[in-house]
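Topology and contacts: notes
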Amino acid sequence: MDLFIHQLFTGLSNGAIYASMALAIVMIFRTTNLKNFAQGEMAMFSAFIAWWMLGLGVPYWIAFFITIAVSFVIGVLAERILIRPVMNAPLLSILIVFFGIFVILHSLAGWIFGYEVKVFPSPFPEEAVFGTYITNHELGTIAIVGAMLLAIYAFLNFTKTGLAMRGVAENQASCKLVGINVNWMLGLGWGLAAAIGAVAGMLIAPVVYLDPSMMSGVLIYGFAGAILGGIDNPWGAVVGSLILGVVENLLGTYVIETELRLSVALVLIIAILLIRPNGIFGRTIVSRV
Amino acid sequence: MTNLSRRTVLAGLAGASATALAAPHVRPAGATPGVTDTEILLGQTMPYSGGASGYADWGRAEVAYFEMINAQGGINGRHVRLISLDDGLSPPKTVEQTRRMVERDGVLALFGSFATSPNSAIHRYVNSRGVPHLFLASGASKWADPENYPWTMGWLPDYPTEAKVYAQYIMENDPDATASIFYQNDDGGRDFYEGFKAGFGDQVDRYLVGEQTFEATDPTVDAQIANLQQSGANYLFIIGQPRTMAQAIRGSYDSGWRPNLMINAGSASVSGTLEPAGLDKAAGIMSVAFVKDPTDDTWADDPGFLAWSAFMDEWFPKGRKSDVNTVYGYCMAQTMEQVLRQCGDDLSRENVMAQAANLRDLALPMLLPGVTINTAPDDYRPIEAMRLQRFNGAKWELFGDTIGG
């Protein structure tokens, strides 16, 4: 029973890590209808920016919010400079651009900051308050992911800009006709996704250590969580990621060898998608042809 | 027909100039590639780019070492040129670069190519072509197979040998204890795992109570650590890259389990692994060593250390003296130097292998006292001796006698 509770909590804290990444993936999907494979490397780079500022002696929370702001600007610029020229190109071209951003950011981070693993501080006290099952940082991660989820949900559902962004993802032509600044909405979507990714990066780095490869595994799980829950739904992405984290851990502990747990978790996802192609909480999109 | 004749003339000119350009390199029939009266050509691949580029100074130190040898007059009157090419630790690239060096540059031998998977990719190729493939920067056990792969020889102590040392330490010093192992699920990790089990001999079921693996893609390893904790083992042997290793050291401490830790020597860097894990959490960790730690002031007045330090100052000033990889490169280059000296003027590929398999009690300045290099036609393991060391919270301290060898 002890092991079960331990693995449950470990799964939840892993799930929260995947969820933070999944939220950034959902954000960009909701505004551009694209799955950004460079999202993980963007988050990694943001974490390096924060690490660099912390090294200069900037207090944690100031560095935290400056990093979010800088990442937002980088996201908007990336959309304007790199994505917009290929926006109407075939999907494959856009994927290649994503891959290019991935490789460039990865190499750039290694070149500037080096490939050795680095310690990234947690804003939460180290002394565990709730026993040894879960650290304060993991609790803090879950809380911040929850707060981000509420903010994203409120933004997309109750603000004019959020609704306009969702509209742009679904039908750009109609949005232009009703006077929505489509270009700005796309840029805003990229900026917000980069900002969410920055938070994710800063939450993940204290756990997995900071280096250019820190997101390689996380991104796979983030995508899996988002797709499992429904990639167009922030609630679904978070719940999907938590389910993935817990199921993966319990499977690895009680049912199969640990080396197969990712494979089995992904097979489960495929099975669920066969029954519910849009994810557990996803909507079925009907488009008029 | 003017066109045709012009072409013929041009072709003739091109052919003539190619011959003229190639002339200085043309060897008499039967001579060994890569050897002239004034030069010996060697080749290697190193990760100068990408995630493993932290190891780059290993190769740079070797190149610098041969520059020093050349400035001192070379080996038997010949300068040694080491071509060191980047493969980014990507095996397809290793194949491409190696073929380039063997087939175009015509190297005498490959020396010191880096890591297990890149060398695996060229293992068959170099053996089918009969190119010496010497002193690999990898400890996989498969390099010591003279019967099937007579042209390949490793250099680092091999992984099963290292793992056995830890198992035997537990059996001798803590016979009532139990042990567990946590390793990356790849060739190298399984080498350690098999060696660890073999070290316990027929007592393996009595001692080894927990084993878990991880994949390179696992973001965290908390789940595996929780499973290992459940085994209640007193010892945990961790094998992995610095990032995973640091996570496992921290995780086994924070969970309250706090077993006695052992880590593989390849990831035992203080700055690379133990500092990220937390020096207080890493205190007491055991590992093995076979070279002098350049940051250990025990060696401050040691002639071998001073010679290395002088080499670094004069020939490789850009290299960091705290980086043990420069020591590995230095020792490895000296091993190669010894082979070439033993060859004398018979620099055939066959003789290079024969001399590589004929090293006797070679004591290098930066190897630990008691650790020597020995090879024979049926012994392709240059370094088999090592010493245990324990991390005291600030630096590694050697203890016990030399083991193996």
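The structure reproduced in this document is the subject of the present report.

Calculation criteria
- Residues numbered from 1 in each chain as written.
- Chains lettered and ligands numbered in written order.
- Predicted model: local features only at pLDDT ≥ 70, side-chain atom pairs only at ≥ 80, totals over all residues.
- Heavy atoms only, no water.
- Contact = heavy atoms within 4.5 Å.
- Buried area = accessible area lost by both parts, 1.4 Å probe.
- Salt bridge = Lys/Arg side-chain N within 4 Å of Asp/Glu carboxyl O.
- Polar contact = N/O pair within 3.5 Å; in protein donor to acceptor, adjacent residues only side chain to side chain.
- Helix = DSSP H or I, 4+ residues; strand = E, 2+ residues; numbered from the N terminus.
- Nonpolar A, V, L, I, M, F, W, Y, C, P; charged D, E, K, R; others polar.
- Axes fitted to C-alpha atoms, helices over the stretch in contact; angles between N-to-C directions.
- Parallel < 35°, antiparallel > 145°, perpendicular 65-115°, else oblique.
- Left-handed = near helix turned anticlockwise from the far one by under 90°.
- Expected span 1.5 Å × (residues − 1).
- Buried < 20%, exposed > 50% of the residue type's maximum accessible area, 1.4 Å probe, protein only.

What follows concerns the interface of chain A and chain B. Listed as interface residues are 32 residues of chain A and, on the opposing side, 30 residues of chain B. Around 2,500 Å² of area is buried between chain A and chain B when both sides are counted, 50% of it from carbon and sulfur atoms. When the area that chain A buries against chain B is broken down by residue, the three leading residues are Y115, V117 and Y209 of chain A, summing to 22%. Taken together, the links from chain A to chain B amount to one salt bridge. The residue R243 of chain B makes a salt bridge to D211 of chain A at a minimum N-O spacing of 3.4 Å. Summed over the shared surface of chain A and chain B, the number is 11 residue pairs in polar contact (both at pLDDT 80 or more). Counting residues per element, the ones that place at least two in the side of chain A that touches chain B are α1 (2-32), α8 (182-208), α9 (216-229), α10 (234-255) and α11 (261-275) of chain A. For the side of chain A that touches chain B, the leading source of residues is α1 of chain A, giving eight residues. Among the residues forming the side of chain A that touches chain B, the class breakdown is 15 nonpolar, 11 polar and six charged.

This next bit is on the packing of α9 of chain A against α11 of chain A. Residues and elements named next belong to chain A. α11 packs onto α9 with a crossing angle of 25° between their chain directions and a minimal axis gap of 10 Å. Here α9 lies roughly parallel to α11, going by the angle between them. Considering how the two elements wind past one another, α9 and α11 form a crossing that is left-handed. Along its contact with α9, which presents Y221, A224, I227 and L228, the element α11 presents L262, L266, I269, I272 and L273. For the contact of α9 with α11, a count of residues per class yields nine nonpolar, no polar and no charged.

Quick look at helix α5 (residues 159-173) of chain B now. Over its 15 residues, α5 of chain B extends 22 Å from the first C-alpha to the last, a length consistent with the 21 Å expected when each residue adds 1.5 Å. For α5 of chain B, the complete set of buried residues consists of Y159, P160, E162, A163, V165, Y166, A167, Y169 and I170 of chain B.

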